[in-house]
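# Observations on the three-dimensional arrangement
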Amino acid sequence: MIEIKDLHKSYKMGSNSLHVLKGINFKVEDGELVAIMGSSGSGKSTLLNILGMLDGADSGEYTLDGVPIKNLSETKAAQYRNKFLGFIFQSFNLINYKSALENVALPLYYQKVPRKERQEKAMQYLEKVGLKPWAHHLPSELSGGQKQRVAIARAMAAEPKVLLADEPTGALDSKTSYEVMDLIQQINDEGNTILVVTHEEDIAHMCKRIVHLKDGVIVEDKKIEQVRAGQYV
Amino acid sequence: MWLFDRDLWIEIFHTLGKNMFRTFLTMLGVIFAMVILVLLLGSANGMSNGFNKIFAGTASNSLFVWGQSTSEPYKGFERGRRIRYKIEDAEILKKQIPEIEVLAPRIELGSHRSVVSVYRNGQTSGSAVYGDYPEIDEITKKKLVEGRFLNQTDIEHSKKVCVIGEETYKLLFDKGENAIGQDIRINGVYFAVVGIYKPNNNINIDGENAVFIPFTTFQKAFNSGDRMGWMAIAVESKTPVPFVEKQIKDILKHKYDIHPDDDRAIGSFDMSEIFNNITSFTMVLQGFSFFVGIFTLLAGVIAISNILLITVKERTKEIGVRRALGATPKIVKRQIVVEAIVLTAFAGLVGFAISVGILAIMNSMWGSGDDFPFANPMISIPQFVISFVLMVGLSVLIGLLPANRAVKVRPIEALREE
């Protein structure tokens, strides 16, 4: 599904250049649930941004579902993001003046799905995350866990190839975090490929594979025994 | 077409409605600008209409010709000779100059601008007395308050009738007294009043205190023979008055042996000159109004652009999220430009409605007055369309500024923004 070869990325900080990713090689198969771990400054967020086509790499190859991702225009990148990727952010990033349903329907709007169909589909995904009764509530009327579930529904609405979650539980207490992870595991069980960036050990262990980043290189990449979040809920 | 995309409009009204107060303040600039533009244009139009109203009934493409004294000796005549026209001149001029539409000869009793005593039942009025043809009414319309003006039958039968001014009526008759059919006496001759006219305060050629009698009656009653005092001449609308004026003067100079370079012997007054002056005055006024109005509008639209820039800055993160979810730069830009257009157009319409209301009030206050040239202050449909198109065009251009700002920030930076 995802293939990365010798990926480099550096940032210019004034006259200094900060080398963040120093040759990443990494492959994700269909249906995997991968945790990317590392302390802050290890380059995990940068890697996720490049995977999410929000940022470009300096050198190296990136292939997503057989499509080479290189030198994309903003328009092309937006279309690819819409088609291939679903984003889940630490701070949820829901649009605060839109109801849960409208938030979930937004990626479908950019796919030019007709309004009625969009609403129906969005409602399906809201039901899936257990928030159907909250469909017409604004984000401000939802709890943190509920907001993240809306965000997950939104990320899935466009039926992307890969879900990218950047610290999805970073803003949640542990009980809510496990609820969210439970949902992510369920989605993965259905065969969806998911990448989770986290620095929390317990969250990482709820994935099926942990990739450890340190100072811009992968120091460890291992398959693990998945801890089911359901047992804590 | 995307313009009919319901979601686009929902998006736009969402964002605009989210901050009603700020949206309203933003629009205020454009509302004021539109009010100023429409009021200025409307007032200029009102002034133009006011002038037209004043001149209604006066043929604009006309001139008056009278005789004066020569200032050059010529063909054995000394200078200072008084030029007196004959009634036959009217026919000669009409025949030789086809551009003349109407030619109304007139004769005055006494010398030019003098008054004679008019009597009635022991009351006296010093009035100007004119012998006229009914055609004069086509050049300087009389506002009749009672009765009728002179007509062709009066001329043919040399009827002893007269039309008097309101001022004359006041001097000769008691208040409310019926004057029609009553006799007044001029130089011992009795004339029956057939009409009373109201002086036009604005264009006053004949004076307010005057008596008009048929030309033919004048000839007989006062023994004026074939003399003619002056001529009112209407020229067909396409021909410039000075062109005809020169021909008339050349013919008359030749006929009365006036030195070709003598400019003082024949007096004339070109009515079209006043009209042209006023027309150019009102046009300058309108042009100036447009100029001021458009710049005010520009300032208003810039204010909208400014607020949109702030909004875009505030919405950086939201725009980042949308772009992460698949909004292309084009979609983002389109939305902001359409927001600019909607704000401007709506504010413009509100401003238009307000100013039309103000113009209506202005019209009811001053529109009917005779003493001030102001009537029906309103902007014309082309003026409205031009200003509206201009306004929306400006808003598109100015909306591009915040729109480009919105997509300039890369989504990754936008998402990082807190």
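Because the structure is predicted, anything quoted here is derived from the model rather than measured.

### Section: the overall build of chain A
A count of helices and strands for chain A gives seven helices and ten strands. If one aligns the C-alpha atoms of chain A with their principal axes, the spans along those axes are about 50 × 40 × 35 Å. Burial status across chain A gives 53% buried among its 233 residues. Put simply, of all contacts in chain A between residues at least 6 apart along the chain, 70% involve residues at least 24 apart. Working note: accessible area of chain A is about 10100 Å², and carbon and sulfur atoms make up 47% of it. Considering chain A, the positive charge centre built from 29 side chains and the negative charge centre built from 30 side chains are found 5 Å apart.

### Some details on the packing of aromatic side chains
Residues and elements named next belong to chain B. With the rule as written, the count across this model stands at 18 aromatic pairs over all chains. Measuring from centroid to centroid gives 5.4 Å for Tyr-130 and Phe-212, while their planes differ by 40 degrees, and the two rings are tilted. Highlighted residues: Tyr-130 in strand 5 (residues 123-132) and Phe-212 in strand 10 (residues 210-214), separated in sequence by 82 residues. Classification of Tyr-130 as buried rests on a relative accessible area of 4%. Centroid distance Phe-218 to Phe-222: 5.0 Å. Interplanar angle 75 degrees. Geometry classified as edge-to-face. Here the residue Phe-218 and the residue Phe-222 both occupy positions in helix 7 (residues 215-222), the gap between them amounting to four residues, near one helical turn. Taking relative accessible area as the criterion, Phe-222 reaches 14% and is therefore assigned buried.

### Let's talk about the interface of chain A and chain B
Between chain A and chain B, the contact holds 25 residues from the first and 29 residues from the second. Interface area for chain A against chain B, summed over the two sides, is near 2400 Å², with a carbon-plus-sulfur share of 57%. Where chain A touches chain B, the interface holds two salt bridges. Close ionic contact of Asp-55 of chain A with Arg-410 of chain B constitutes a salt bridge, the shortest N to O distance being 2.8 Å. The interface formed by chain A and chain B includes nine residue pairs in polar contact (both at pLDDT 80 or more). Broken down by secondary-structure element, the contributors of at least two residues to the side of chain A that touches chain B are helix 2 (74-84), helix 3 (100-110) and helix 4 (115-128) of chain A. When residues in the side of chain A that touches chain B are grouped by element, the largest group, six residues, is from helix 2 of chain A. Broken down by class, the residue content of the side of chain A that touches chain B amounts to ten nonpolar, seven polar and eight charged.

### Some points on the pairing of strand 7 (residues 161-165) of chain B
All names here are of chain B. Most of strand 7 sits out of view: five of its five residues are buried. Burial of the side chains of strand 7 extends over both faces: Val-161, Val-163 and Gly-165 are buried on one face and Cys-162 and Ile-164 on the other. Bridge count between strand 7 and strand 9 (residues 189-198): five bridges; the pairing is parallel. Looking across to strand 9, one finds that Ile-164 is bridged to Ile-196. Pairing geometry for strand 7 and strand 10, over two bridges, is antiparallel. Bridge pairing links Ile-164 to Val-211 in strand 10.

### Regarding the sheet that holds strand 8 (residues 193-198) of chain A
Backbone hydrogen bonds hold the strands of a sheet together, and the pairing may be parallel or antiparallel. All names here are of chain A. Read from one edge to the other, the open sheet built from six strands follows the order 6-7-8-3-9-10, with strand pairing classed as mixed. Among the strands making up the open sheet, the edge pair consists of strand 6 (85-88) and strand 10 (217-223). On average, each strand axis in the sheet is tilted by 15 degrees relative to the strand beside it, whichever way the strands run. In this structure, strand 7 (residues 162-166) lies alongside strand 8, joined through five bridges in parallel fashion.

### What to know about the sheet that holds strand 1 (residues 2-13) of chain A
Residues and elements named next belong to chain A. A sheet is described by the order of its strands in space; here four strands give the open sequence 2-1-4-5, paired in antiparallel fashion. Looking at strand neighbours, the two that pair on one side only are strand 2 (16-28) and strand 5 (67-68), the edges of this open sheet. Pairing analysis gives ten bridges linking strand 1 to strand 2, with the strands arranged antiparallel. Paired with Leu-7 across the strands is Ile-24, a residue of strand 2. Sitting on the sheet, helix 1 (residues 44-51) touches strand 1, strand 2 and strand 4 (59-64), and the angle it makes with strand 1 is about 120 degrees.

### Things to note about the pattern of salt bridges
Residues and elements named next belong to chain A. By the definition in use, this model includes 30 salt bridges over all chains. The salt bridge involving Glu-32 is made with Lys-223; its shortest N-O contact spans 3.9 Å. Of this pair, Glu-32 sits in the loop between strand 2 and strand 3 (33-37) while Lys-223 sits in strand 10, and the two are 191 residues apart along the sequence. Classification of Lys-223 by relative accessible area gives exposed; the value is 65%. Notably, a salt bridge pairs Asp-65 with Lys-161, separated by 3.5 Å at the nearest N-O pair. Linking Asp-65 in the loop between strand 4 and strand 5 with Lys-161 in the loop between helix 5 (144-157) and strand 7, this pair joins segments that are 96 residues apart in sequence. By relative accessible area, Asp-65 is classed as partly exposed at 34%. For Lys-161, a relative accessible area of 36% translates into the label partly exposed.

### Quick notes on the packing of helix 4 of chain A against helix 5 of chain A
Residue and element names in this part refer to chain A. Closest axis-to-axis distance for the helix 4/helix 5 pair is 9 Å, and the angle between their directions is 135 degrees. Viewed along their axes, helix 4 and helix 5 adopt a mutual orientation that is oblique. By crossing handedness, the relation of helix 4 to helix 5 is classed as right-handed. For the pair helix 4 and helix 5, the contacting residues are Lys-121, Tyr-125, Leu-126 and Lys-128 in the first and Val-150, Ala-153, Met-156 and Ala-157 in the second. When its residues are assigned to classes, the contact of helix 4 with helix 5 shows six nonpolar, no polar and two charged.

### With respect to the pairing of strand 9 (residues 209-214) of chain A
All names here are of chain A. Inspection of the sheet shows strand 3 paired to strand 9 by four bridges, in the parallel sense. If you follow Met-37 over to strand 9, its bridge partner there is His-212. Relative to strand 10, strand 9 is paired through six bridges, and the arrangement is antiparallel. If you follow Ile-210 over to strand 10, its bridge partner there is Lys-222.

### Thoughts on a nonpolar patch on the surface
Nonpolar side chains collect at one region of the surface, where Phe-21, Phe-24 and Leu-25 of chain B lie side by side and expose about 340 Å² of accessible area between them. With relative accessibility at 61%, the residue Phe-21 of chain B sits in the exposed group.

Calculation criteria
Residues numbered from 1 in each chain as written. Chains lettered and ligands numbered in written order. Predicted model: local features only at pLDDT ≥ 70, side-chain atom pairs only at ≥ 80, totals over all residues. Heavy atoms only, no water. Helix = DSSP H or I, 4+ residues; strand = E, 2+ residues; numbered from the N terminus. Buried < 20%, exposed > 50% of the residue type's maximum accessible area, 1.4 Å probe, protein only. Contact = heavy atoms within 4.5 Å. Areas by Shrake-Rupley, 256 points an atom, 1.4 Å probe, with all protein chains shown as cover. Lys, Arg positive; Asp, Glu negative; His and termini not counted. Charge placed at Lys NZ, Arg CZ, Asp CG, Glu CD. Phe/Tyr/Trp six-rings, centres within 6.5 Å; stacked < 30°, edge-to-face > 60°. Buried area = accessible area lost by both parts, 1.4 Å probe. Salt bridge = Lys/Arg side-chain N within 4 Å of Asp/Glu carboxyl O. Polar contact = N/O pair within 3.5 Å; in protein donor to acceptor, adjacent residues only side chain to side chain. Nonpolar A, V, L, I, M, F, W, Y, C, P; charged D, E, K, R; others polar. Pairing = 2+ DSSP bridges. Axes fitted to C-alpha atoms, helices over the stretch in contact; angles between N-to-C directions. Parallel < 35°, antiparallel > 145°, perpendicular 65-115°, else oblique. Left-handed = near helix turned anticlockwise from the far one by under 90°. Patch = residues over 30% accessible without salt bridge, like charges linked within 9 Å, V, L, I, M, F, W, Y side chains within 5 Å.

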